Amino acid sequence: MRLGVCYYPEQWPEERWAHDARMMADIGLELVRIGEFAWSTYEPARGVEDFDWLDRAIDTLASSGLEVVLGTPTATPPVWLSLERPDILSVDPHGRRRPYGSRRHTCPTSGAYREESARIVERLGQRYGQHQAVVAWQIDNEPGNHDSARCWCEECQDAFSGWLLHRYGTVEALNDAWGTAFWSQTYPSFESVRLPVPTMTSHSPSLLLAHRRFASEQVVAALKEQYDLLEPLSPGRLLTTNLYLFELDVDAHQVMRLGGAAAFDSYPHGSAEPADVAYRLDFARGAAGPGRETWIMEQQPGPINWTEANPPVPPGQLTDWVTQAAAAGVDTLLFFRWRAARYGQEQYHSGLLRHDGTPTRAHEEVRALAIGDVTKPRATVALLHSWDDAWALDIDPHAPGFDYLRHMVDVHAAARGLGHAIDIVPPGDALTGYQVVLAPYLHLASPERSAALESAVGAGATIVVGPRALVKDRDDNWVNQRFPAGITDHLGGHVAEFLAVDEPISIVPWNVDAGRWLETMDVTGEDTAVLASYANGYVQNAPAVIRSGSWVYVGCSSRAAWAACLELLIGRA
Amino acid sequence: MRLGVCYYPEQWPEERWAHDARMMADIGLELVRIGEFAWSTYEPARGVEDFDWLDRAIDTLASSGLEVVLGTPTATPPVWLSLERPDILSVDPHGRRRPYGSRRHTCPTSGAYREESARIVERLGQRYGQHQAVVAWQIDNEPGNHDSARCWCEECQDAFSGWLLHRYGTVEALNDAWGTAFWSQTYPSFESVRLPVPTMTSHSPSLLLAHRRFASEQVVAALKEQYDLLEPLSPGRLLTTNLYLFELDVDAHQVMRLGGAAAFDSYPHGSAEPADVAYRLDFARGAAGPGRETWIMEQQPGPINWTEANPPVPPGQLTDWVTQAAAAGVDTLLFFRWRAARYGQEQYHSGLLRHDGTPTRAHEEVRALAIGDVTKPRATVALLHSWDDAWALDIDPHAPGFDYLRHMVDVHAAARGLGHAIDIVPPGDALTGYQVVLAPYLHLASPERSAALESAVGAGATIVVGPRALVKDRDDNWVNQRFPAGITDHLGGHVAEFLAVDEPISIVPWNVDAGRWLETMDVTGEDTAVLASYANGYVQNAPAVIRSGSWVYVGCSSRAAWAACLELLIGRA
Amino acid sequence: MRLGVCYYPEQWPEERWAHDARMMADIGLELVRIGEFAWSTYEPARGVEDFDWLDRAIDTLASSGLEVVLGTPTATPPVWLSLERPDILSVDPHGRRRPYGSRRHTCPTSGAYREESARIVERLGQRYGQHQAVVAWQIDNEPGNHDSARCWCEECQDAFSGWLLHRYGTVEALNDAWGTAFWSQTYPSFESVRLPVPTMTSHSPSLLLAHRRFASEQVVAALKEQYDLLEPLSPGRLLTTNLYLFELDVDAHQVMRLGGAAAFDSYPHGSAEPADVAYRLDFARGAAGPGRETWIMEQQPGPINWTEANPPVPPGQLTDWVTQAAAAGVDTLLFFRWRAARYGQEQYHSGLLRHDGTPTRAHEEVRALAIGDVTKPRATVALLHSWDDAWALDIDPHAPGFDYLRHMVDVHAAARGLGHAIDIVPPGDALTGYQVVLAPYLHLASPERSAALESAVGAGATIVVGPRALVKDRDDNWVNQRFPAGITDHLGGHVAEFLAVDEPISIVPWNVDAGRWLETMDVTGEDTAVLASYANGYVQNAPAVIRSGSWVYVGCSSRAAWAACLELLIGRA
């Protein structure tokens, strides 16, 4: 695993650069990411360029043997550009154009934003695309972060109408698909489908899901324009971007399949719990897929500044994080950041150096890192993750606190706790070669989904389907059949009743809590076995987990229930 | 008690209608409410009508012997109408017109809204007013719900100025009545009294109370226009509407006295506690008054979808709810809804059928219902409930958590716990025939109020007055005398000090907690007895409950204190 | 200590005035504050004046031997003026002009507001400036209260640009000082530095701090205009204003140094804890400085109405508050208010009389007050308080719950608990004559600050510096050296690491909890002693408190740690 660091030459005196570069090389760093927030420094006004300092910065780094990852600066356009072309700025749900002064205040759809992005990216590509020291590019920075994918400007409204036209063809088809007769909100035209803004009570889930998909696709399209521009200008270089997983803004799978690597930013203290780190690592490797690299573009080296608590990082913790990343197959890892910032919003974010340039504990830990050759894990367990399902659950959780990521991490942790390596597989990827396919939350039904599961069974896999599976159609409307729709025959059973429980219910024979979301099952097949039942409440004795051949349905939601079930199914590794 | 169900033929294939109708009849349902959200289906565009499907739907229901309650569709005007006449939409406190896409996004004052409502209601009345199967009408749907009574559009502003002119005559009279010299906010004209929107700190309580009254009256006036139009067009049919009690938006008594029945929607899981169900039942019967019917237009049959927790409904629970309603004198009860919705915002709301049309547990419980003849309860205890008092308390609770409905339910539950039947009596209704009149929160003083109490005493009743009684005048300003103003002579005592207590205080001889709001009493009359005193704190030994002849004042607020007091006064039934 | 009361003749019938005046004199009151909310009463319309009633009110009070504190009415301009000149109203961050109907809805920068304020103040000065009974003026009312200092109108935007020009000279200097290269937000002009409004994520701390300073200075400038106008018109009278400490809106030291007294409003039940009362008293005396008076312009006499809980005030409590104020050197104290209001927003606020004019317990306590001659405390301990530091901490607390005032009160209470009298000293005041100078939170570094500390040491003082000291420069950017910058040589040590801890850490040898914010120290000096170290966690054994000669650094933040440290340093008084 190669190591590197994020650096901001524009924030430090030029006299210091060479010293920093030598210090980096000295502790074994090979890569330096620079430039992603430097637009106003190299283009201080319309028609004025000053790339000399950047040339010298790259050369200085190269002189110490460091390779450069160059960022495109489109997450923070300069103030002069926001003033000259205010339509690059996004608009909030109340119609207020978002002011500059922070970051990601741009609209991904805006023609002006796309145009100016293309212009500056082309200029960078021309100047640095074939620079020997530049080995990779980071496109934009944390796309979607800060809930920036959704914008309510008129360009987005127009694009949304066009997107709907493309998807549904006629407004009658849209009205049918969304069931707008409900509450009498039948649309007379595509133009009349307005981007959802707060009103008396909630909007149609079909509209909300369409908005999520549309906004994510706008971000992906804006990114792709940059990839497409840079590729010919910078041949042989790896192109990627850095996602802050797991915000709902953008479909991470679509973003991570652009370019040559799946990269994300690793801030364990911004996650809810340690098991999240493992989930992110397996997720990114699965998102990369075979033959593409996995990067951590930013790795927290000490306390961060933007969470509620910003807890300390004890000695050894950073070493553990890096070792865990290597074991999970990360190819390249950069620390964020070299030196703590003296200015701006992130002054309390730690670096490998303190604000005054003296080395921290983290600096010494990095120097001491000894990561041998690591083989990427080979998993026999697959776990299915899909942004569509996450959005649908977020739009209507029904049971308080039932959260997509939380549930996925629970099932993932249940399998990891048994010692199994796990691949987290995007929708559409092949499921062949796995002994077990876990589908903890397969909410939206489609013929393709059922076919993919059947084909995995055909290839020898056992399929373990979690609750609320195959309940809704692609437009987030309820299926017109018993669920899990499309696989009830395979299971020899279906869901009888679902419950957002308000008091603990256990399952036997495992004697563990069943979770906040439960389903009771009706068994219809002769070969269907009840693996577990509820132990108390009015659902006592009702089946909770059933199995028929290669098909298993788990009607409950706790980590403990899944751990017990998986131990029965696949044992300890 | 007749039973029925809410049905949406426009949401299901026509082929299914007859099957559904037979199933309804089969389990003993007699009535079906339809049409209240169907505007866009029967009037899909300006000048285009399609009532044929509705004709067929009604005929299909009638063929199975079912009677129809037809809804007027004014809670959800179609999108084309919102686009054509945007001034039907309400405006939020920040001046933003509320977007369509949900429901109740209309302004009750809007001339365009009133005009279009009248047009469509007249059309419905002409077509279905004398249809044999149509036995009742539901006007609008849950008027006031989602805080929809208050609107800040210019039409409301103008109407508010006119309303004030009508009420006060001159702006000098208004300034006097509201005491606007306080904080120097004397109004130069009625036009300058703006609808209250958030500002640096709070607005005058007189303004806030006037706004509450005005908004409620606008809703009542808009409803009344529909009643007045339909009555001649649909002779002999019962007219009503369905309230979601107990939002503060509209004065439920004024609404429930329109037409032929007091109807409400019963969602026990949307209430704070089980005692609320009993309160709603007695409230609706009292709001109906003698000779008018009480309806539950919508009865939750299983889990609902719009609360925080959406808990399960165990077997037998629905039967209990229906039995309780019958015992409280409900004449007609409809379940909401027949079949769970596949589309729109309420997909997780249960029905008697599942989404796929199969029967649920609730369906079987309804089939098994066996409610014999029930006599309406005859109560000897009256309890006074008033929207004016509820608004005034909401505007300035002073003690955190002191909530009008909570307090009313506490006193009601205290009396019910002793086995007494209770009538909840609207302001202005006769108090004759009751042995005891409970006035748990008689906040606003007026000569009429004192006279009504005196006349009840004259007719033999004992009056039990709760804390914060007769403290304010009609404009929510403090009386210029000791309180409870106007009855201190009857009591031989008055309030010495009021306390929003921060630590538990008990009363003796009952040894129960006295509640969060307490008052100490000065006894001035020779015949006045102290029934209970405070047991600790600096109020130790101060009188808490006093009595003189037929007049009792309870200076504390807990359910336990009221239960002890009422047991002493009226014993167990 | 003189006693007085706040009175609103415009809110009560004229027939009652003389009776009230006699009652006031009867219980020993000498002063009456009037008029601060009476603008609409004496100027009911443009060009119309009615001062006769105010003449009579003052004369009536004077007839009973009472002296008058006359308020200027600029906190509540009349409605007719808000309508005529709407640009006197402030604008919220979303660009909405704040509506009238409450108070403090004005912009301190507005030319129209300044002009109208000057006009009415001049008129008052001319009429009452030399009235024999008028002995003092209250300028405005609680300036800054309700977050009213910050306004986002165009006049404020222009004034802010001018303020920045004055402070930085060139926009390049501003860009350098604020480090705007961070996130590429370099400003092309002063005009482009917009007042901060909510955007995707946070704004630059340099901008936020500048905004705080600018807004506070606007308030101070607006007040000063009134002082400057009144001084020649009312010779020999004391001028002051009343602050509601400790909102962040305005720099209380700058306000309290205007005129002849430092006055504040004392509402212990609006504070977080009892120790806050003592802090406010010492703060006001220090803000007054030698030779100027300390006033409590409003003293809570019983329950107040505007907090979450509004708890009762037990017998004796008011006497304790008044006695404590006298002991702390308060020269004049007025109760708020004489009689509880029958109208408006504060009806639940208690007075010395009830709403109906009968006396309360508080009235009797005031009559019984017996405060002998009190000498102002002479302190040997100084404690440094600065608004700049408070703003900087508020902008970026980093550790949740780390609050400036909370921390200051903790250290103050630690010293008071040892029996020491304490002066709370504003920035710039001399530190000579103190044996100990406590600097609990000396966040922003400057040469003047270091020099002031050094000169105090030169005069014989021991300096006890708290955590996060001398970390940032004047623009809230991190110093480029080890901190506490500028005094590390004196200490023979510096901070190694700072921690926002998430689990309790103790210090030895004192065996107390160290607080939520901790720092470990590196000791570099030979004469530097470690007074205390951490007892557990990964910081175990690291120095927490160090001393070198007259310099002490306390790297932790709990009241208990400071109490132990101060007991060691200065013992019990």
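Below you will find a few notes about this structure. (Residues numbered from 1 in each chain as written. Chains lettered and ligands numbered in written order. Predicted model: local features only at pLDDT ≥ 70, side-chain atom pairs only at ≥ 80, totals over all residues. Heavy atoms only, no water.)

### Observations regarding the overall build of chain A
Just so we agree on the cut-off: Comment: elements are numbered from the N terminus, with helices defined as DSSP H or I runs of at least four residues and strands as E runs of at least two. Here the globule rule is a power law, 2.2 Å times the number of residues to the power 0.38, and the radius of gyration is based on C-alpha atoms. When a residue's accessible area, from a 1.4 Å probe over protein chains only, is under 20% of the maximum for its type it is buried; when over 50% it is exposed; and in between it is partly exposed. In these tables, accessible area is a Shrake-Rupley quantity obtained with a 1.4 Å probe, and a residue counts as shielded only by the protein chains included in the view.
Helix and strand counts for chain A come out as 17 helices and 19 strands. For chain A, the C-alpha radius of gyration of 25 Å lies close to 25 Å, the compact-globule estimate for 573 residues. Principal-axis analysis of the C-alpha atoms gives chain A an extent of 80 × 60 × 40 Å. The proportion of buried residues among the 573 residues of chain A is 65%. Surface accessibility of chain A: about 18700 Å² in total, with carbon and sulfur atoms responsible for 50%.

### Examining the relation of the copies chain C and chain A
Counted only if it meets this: The least-squares superposition of copies is restricted to C-alpha atoms, and to residues with a pLDDT of at least 70 in both copies. We call two residues in contact when some of their heavy atoms are within 4.5 Å.
Between the two copies, chain C and chain A, the superposition gives an RMSD of 0.0 Å; the rotation angle is 120° and the shift along the axis is 0.0 Å. The symmetry that links the two subunits is that of a three-fold axis. Taking the C-alpha atom as reference, chain C places His94 of chain C closest to the rotation axis, 5.8 Å from it. Mapped onto chain A, only 2% of the interface residues of chain C are again interface residues, and the two copies thus contact each other with different surfaces.

### As for unusual backbone geometry
Here the bond from Val508 of chain A into Pro509 of chain A is cis, since omega is 10°, no more than 30 degrees from zero. In this fold, Pro509 of chain A is placed in the loop between β14 (506-508) and β15 (512-513). Cis geometry marks the peptide bond from Phe483 of chain B to Pro484 of chain B; its omega dihedral reads 0°. Note on placement: Pro484 of chain B falls in the loop between β12 (462-465) and α16 (488-491). Notably, Glu142 of chain A is not glycine yet its phi reads approximately 45°, a positive angle. For Glu142 of chain A, the position within the fold is in the loop between β4 (134-138) and α6 (154-168). Phi at His146 of chain A takes a positive value of approximately 60°, unusual for a residue other than glycine. Inspection of the secondary structure assignment puts His146 of chain A in the loop between β4 and α6.

### Considering the side chain of Asp356 of chain B
Our working rule: Distance and chemistry together define a polar contact, namely a pair of N or O atoms within 3.5 Å, with one atom able to donate a hydrogen and the other to accept it when in protein, and with adjacent residues in sequence counting only for side-chain atoms on both sides.
Along the polypeptide, Asp356 of chain B turns up in the loop between β8 (332-335) and α12 (361-367). Under the relative-accessibility criterion, Asp356 of chain B is labelled buried at 16%. Polar side-chain contacts of Asp356 of chain B include one of 2.7 Å to the side chain of Thr358 of chain B. In this structure Asp356 of chain B touches Asn480, Gln481 and Arg482 of chain A together with Arg339 of chain B, once residues within four positions along its chain are discounted.

### Things to note about the sheet that holds strand β18 (residues 543-548) of chain A
By way of backbone hydrogen bonds, the strands of a sheet pair with one another, either parallel or antiparallel. All names here are of chain A. Our working definition: Pairing between two strands is assigned when DSSP locates at least 2 bridges connecting them.
Here nine strands make up an open sheet; going across it, the order is β10-β9-β11-β12-β19-β18-β17-β14-β15 and the pairing mixed. Each having just a single partner strand, β10 (422-425) and β15 make up the two edges of the open sheet. Strand direction decides the pairing type here: β14 and β15, joined by two bridges, are antiparallel. The partner of Ile507 across the bridge, within β15, is Val512.

### Focus on the interface of chain C and chain B
One frequently used descriptor of interface size is the decrease in accessible area upon assembly of the parts. In plain terms, the rule: Accessible-area loss on putting two parts together, using a 1.4 Å probe and summing over both, is the definition of buried area adopted here. Salt bridge, as applied in this entry: a Lys or Arg side-chain nitrogen positioned within 4 Å of an Asp or Glu carboxyl oxygen. Nonpolar residues are Ala, Val, Leu, Ile, Met, Phe, Trp, Tyr, Cys and Pro. Charged residues are Asp, Glu, Lys and Arg, and all others, Gly as well, are polar.
Counting residues at the interface gives 51 residues for chain C, matched by 47 residues for chain B. The junction of chain C with chain B conceals about 4200 Å² of combined surface from both sides, 56% of it contributed by carbon and sulfur atoms. When the buried surface of chain C facing chain B is broken down by residue, Tyr343, Gln345 and Tyr348 of chain C rank first, second and third, together holding 20% of it. Here chain C is connected to chain B by two salt bridges. Connecting chain C to chain B are 23 residue pairs in polar contact (both at pLDDT 80 or more). Those elements giving two or more residues to the side of chain C that touches chain B turn out to be α2 (39-42) and α4 (79-84) of chain C. Partitioned by chemical class, the residues of the side of chain C that touches chain B number 20 nonpolar, 17 polar and 14 charged.

### Considerations on the side chain of His211 of chain C
Residues and elements named next belong to chain C. Within the secondary structure layout, His211 lies in helix α8 (residues 205-233). Looking at His211, the relative accessible area reads 3%, which means it is buried. Setting aside residues no more than four positions away along its own chain, His211 makes contact with Arg150, Trp152, Phe160, Leu195 and Pro196.

### A look at the packing of aromatic side chains
Keep this limit in mind: Two rings from Phe, Tyr or Trp (for Trp, the six-membered ring) form a pair when their centres sit within 6.5 Å of each other. Planes less than 30 degrees apart are called stacked, planes more than 60 degrees apart edge-to-face, and all others tilted.
Under the definition given, this model contains 82 aromatic pairs over all chains. Each ring, one from Tyr267 of chain A and one from Trp306 of chain A, has its centre 5.5 Å from the other, and the planes form 80°; the classification is edge-to-face. Here Tyr267 of chain A, found in the loop between β6 (261-266) and α10 (275-288), pairs with Trp306 of chain A, found in the loop between β7 (293-299) and α11 (317-327); they are 39 residues apart in sequence, far enough to count as distant. Owing to a relative accessible area of 37%, Trp306 of chain A belongs among the partly exposed residues under this scheme. Judged by centre distance (6.1 Å) and plane angle (20°), the rings of Phe160 of chain B and Trp163 of chain B are stacked.

### Looking at the interface of chain C and chain A
Taken together, the contact between chain C and chain A spans 47 residues of the former and 51 residues of the latter. Taken over both partners, the interface formed by chain C and chain A buries close to 4100 Å², and the fraction arising from carbon and sulfur atoms is 56%. Three residues stand out in chain C for area buried against chain A, namely Trp183, Met200 and Trp478 of chain C, and they jointly supply 21% of the buried area on that side. Our count for the contact surface shared by chain C and chain A stands at two salt bridges. Our enumeration of links across chain C and chain A arrives at 23 residue pairs in polar contact (both at pLDDT 80 or more). If you list the elements that add at least two residues to the side of chain C that touches chain A, you get α7 (171-178) and β13 (493-500) of chain C. The dominant element in the side of chain C that touches chain A, judged by the number of residues it contributes, is β13 of chain C, at five residues.

### Looking at the environment of Thr106 of chain C
All names here are of chain C. Tracing the chain through its elements places Thr106 in the loop between α4 and α5 (111-128). C-alpha separation for the pair Thr106 and Arg559, spaced 453 residues apart in sequence, amounts to 40 Å. Not counting residues up to four positions away in its chain, the partners in contact with Thr106 are Thr74, Pro77, Ile88, Leu89, Ser90, Tyr113 and Ser148.

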